[in-house]
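Report on the structure
In case you want the letters, here they are:
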Amino acid sequence: MNNTPSLPQIMVAPNGARRNKSHHEAIPISHTELVETAIACQKAGADGIHLHIRDNNAEHLLDADAYSELLELVSTAVPDMYLQVTSEAAGKYSPAEQIEMMNALQPANVSVALRELVPNNDGWSAASKFYRWAAG
């Protein structure tokens, strides 16, 4: 029996790693805003959401504890929604830091950019090890 959830038909990515309220006032930054956005998007027909979290300065953040908290809030609010976190570096995190966050969080669904995990030929070994781990 395959326990892998089916992929969403409509997935939203409401905030990204780089934009903030100065770009558009409706961009959800806080956990509360992301939960409200997930609810609204589900009501509008989306069945998946790609999540980015921010620090206290509204800057891109890769943090397992903060992601865990957000995932709990969103999954409680929209239990049938497919939740996906990002491992995006956004010019701020190294491949090792990205992998460390994913290993700590162990999310059910995550987007991973190969070009970020392997920015040069030296990264293939770590990326291969990560992808084998992620495949289970």
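A short tour of the structure in this document, coming up.

So, how was this worked out
- Residues numbered from 1 in each chain as written.
- Predicted model: local features only at pLDDT ≥ 70, side-chain atom pairs only at ≥ 80, totals over all residues.
- Heavy atoms only, no water.
- Helix = DSSP H or I, 4+ residues; strand = E, 2+ residues; numbered from the N terminus.
- Rg over C-alpha atoms; globule rule 2.2 N^0.38 Å.
- Pairing = 2+ DSSP bridges.

A few words on the overall build of the protein chain. Helix and strand content of the protein chain: five helices and six strands. Listing the helices and strands of the protein chain from first to last along the sequence gives β-α-β-β-β-α-β-α-β-α-α. Its C-alpha atoms give the protein chain a radius of gyration of 15 Å, within 12% of the compact-globule value 14 Å for 136 residues. Taken over the C-alpha atoms alone, the protein chain extends approximately 45 × 45 × 25 Å along its principal axes.

Ordered by their spatial adjacency, four strands build an open sheet running S1-S2-S5-S6, and the pairing between neighbours is parallel. If you trace the sheet from one side to the other, it starts and ends with strand S1 (11-12) and strand S6 (110-111), each paired once. Relative to strand S5 (residues 82-86), strand S2 (residues 48-51) runs parallel, the two sharing four bridges. Within the sheet, the bridge partner assigned to leucine 51 lies in S5 and is valine 85.

Read these as layout, nothing more, since geometry by itself doesn't imply function.
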